Amino acid sequence: MRIDIVTLFPEMVEAVLNTSILGRAREKGLVTFRVVNLRDYATDKHRTTDDVPYGGGGGMVMKIEPIARALDALTAEADAHGEQKPRIILTDPRGRLFTQELARELAKENHLILICGHYEGVDDRVRQHLVTDVVSIGDYVLTGGELPALVIADALTRLQEGVLGDEEAPEKDSFAEPILEYPHYTRPVEFRGWRVPDILLCGHHAQIARWRRQQSLRLTRDLRPDLFNRLTLSAEDRKLLEE
Ligand code: ADE
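Rules and cut-offs
- Residues numbered from 1 in each chain as written.
- Predicted model: local features only at pLDDT ≥ 70, side-chain atom pairs only at ≥ 80, totals over all residues.
- UniProt positions renumbered as here; feature names shortened; annotations may be inferred.
- Helix = DSSP H or I, 4+ residues; strand = E, 2+ residues; numbered from the N terminus.
- Rg over C-alpha atoms; globule rule 2.2 N^0.38 Å.
- Buried ≥ 20, exposed ≤ 12 C-beta atoms within 10 Å, placed from the backbone.
- Contact = placed C-beta atoms within 7 Å.
- Near = placed C-beta within 6 Å.
- Nonpolar A, V, L, I, M, F, W, Y, C, P; charged D, E, K, R; others polar.
- Axes fitted to C-alpha atoms, helices over the stretch in contact; angles between N-to-C directions.
- Parallel < 35°, antiparallel > 145°, perpendicular 65-115°, else oblique.
- Core = buried A, V, L, I, M, F, W, Y, C linked by C-beta atoms within 7 Å.

Looking at an unreviewed UniProt entry, one finds the protein chain named tRNA (guanine-N(1)-)-methyltransferase, with Chthonomonas calidirosea as its source organism. Recorded in UniProt for the protein chain, the comment headed Function (unreviewed entry) runs: "Specifically methylates guanosine-37 in various tRNAs."

This is the structure in structure tokens:
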């Protein structure tokens with residue numbers, strides 16, 4: 001999969017893409033990231049990417065021309081290689097909410113372009129005419145679209161084949177089934193009097209699996225009743241919850 005990120009802050013984006021699991025996936029060629037500096041597509045000598053809003057009011061608005069030129073360059077290249085048209089995503093707090101379901105959908109694409117919005121907003125003709133999707137990572141407002149683009153890139157990368165080891169396989173995630181992960185523990189077995197649950201020390205794999213399922217069900221019921229109500233419980237699940 002290829003993910004292009006169009007941004008005014010390429011150093012910030014590169015730093016995250018080169019770190020930890022994303023950096024390793026990139027090095028191994030399991031995902032191709034390209035960070036595009038929007039300023040390189042500005043048309044004037046000051047390399048302007050924003051301007052004052054029509055109609056007045058405070059703040060600046062991102063101009064359409066540099067974004068259009070950047071997208072033209074990225075899509076022309078994909079066209080020349082006979083690739084499918086990429087999904088073009090604008091990060092915006094008004095967009096479709098980014099969930100694990102949307103992550104799974106987008107992770108199947110060959111090529112995505114993420115545009116990081118900034119300032120008071122982006123000339124709305126970008127949303128109307130140039131992008132295929134508008135995505136929000138949650139109902140709060142950030143200073144820019146770089147963190148949302150990186151959140152999306154991270155969630156999609158870990159779903160690519162070979163990025164995670166077998167033990168961390170994405171099928172085991174919270175939200176693969178809409179249920180929360182069971183609690184994890186590692187050494188020491190006791191810290192400040194707080195002990196690891198004995199069942200995890202007994203070596204009985206079937207009992208441990210049963211306990212983990214029970215913990216997942218209880219946590220989901222208690223912490224995320226909205227998810228719990230969407231679960232289809234088996235007879236065994238109901239028994240675990242009654243214990
Ligand atoms: N830009 C600013 N806030 C955002 C959010 N919550 N999601 C996506 N893009 C944003």
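On we go.
(A) Main features of the overall build of the protein chain. Along the backbone of the protein chain there are nine helices and 10 strands. The C-alpha radius of gyration of the protein chain comes to 22 Å, more than 25% above the 18 Å expected for a compact globule of 243 residues. If you line up the protein chain on its principal axes, its C-alpha atoms span 70 × 40 × 40 Å. Expressed as a percentage of its 243 residues, the buried residues of the protein chain come to 23%. Of the contacts formed within the protein chain by residues at least 6 apart in sequence, a portion of 73% connects residues at least 24 apart.

(B) Spatial organisation of the UniProt feature "binding site: S-adenosyl-L-methionine" (unreviewed entry) in the protein chain. Per the UniProt annotation, the sites labelled "binding site: S-adenosyl-L-methionine" (unreviewed entry) are Gly 117, Ile 137, Gly 138, Asp 139, Tyr 140, Val 141 and Leu 142. Following the sequence through the fold, Asp 139 ends up in the loop between strand 8 (133–136) and helix 6 (146–157). Checked against the element boundaries, Tyr 140 lands in the loop between strand 8 and helix 6.

(C) How the structure looks around the site of the ligand. All residues in the neighbourhood of the ligand are listed as Thr 91, Asp 92, Pro 93, Gly 117, Ser 136, Ile 137, Gly 138, Tyr 140, Val 141, Leu 142, Gly 145 and Pro 148. The greatest single-element share of the shell around the ligand, amounting to three residues, is contributed by strand 5 (residues 87–97). Of the residues belonging to the shell around the ligand, the class tally is six nonpolar, five polar and one charged.

(D) Quick peek at the environment of Asn 229. The residue Asn 229 is located in the loop between helix 8 (225–228) and helix 9 (235–242) in this model. Asn 229 gets classed as exposed once you count the C-beta atoms within 10 Å, which come to 10.

(E) Broad picture of the packing of helix 7 (residues 205–223) against helix 9. Where helix 7 meets helix 9, the closest approach of the two axes is 9 Å, and the angle between their N-to-C directions is 75°. With respect to helix 9, the element helix 7 is oriented roughly perpendicular. Contacts between helix 7 and helix 9 pair Arg 213, Gln 214, Leu 217, Arg 218 and Arg 221 from the former with Asp 237, Leu 240 and Leu 241 from the latter. Of the residues assigned to the contact of helix 7 with helix 9, the class counts are three nonpolar, one polar and four charged.

(F) Looking closely at the nonpolar core. Formed by 38 residues in total, the largest nonpolar core has its most connected members in Ile 5, Val 6, Leu 114 and Ala 153. The contacts of Val 6, once residues within four sequence positions are left out, are Val 36, Leu 38, Ile 67, Ala 70, Ile 113, Leu 114, Ile 115 and Cys 116.

(G) Geometry of unusual backbone geometry. Following Arg 187, the chain continues into Pro 188 via a peptide bond in cis, with omega recorded as 5°. Mapped onto the fold, Pro 188 is located in the loop between helix 6 and strand 9 (190–191). Despite not being glycine, Ser 20 has its phi angle at roughly 55°, a positive value. Note on placement: Ser 20 falls in helix 2 (residues 20–27). Classification of Ser 20 by C-beta neighbours within 10 Å gives exposed; the count is 10. One non-glycine residue, Arg 47, lies in the positive phi region at around 55°. Secondary-structure assignment places Arg 47 in the loop between strand 2 (32–37) and strand 3 (50–51).

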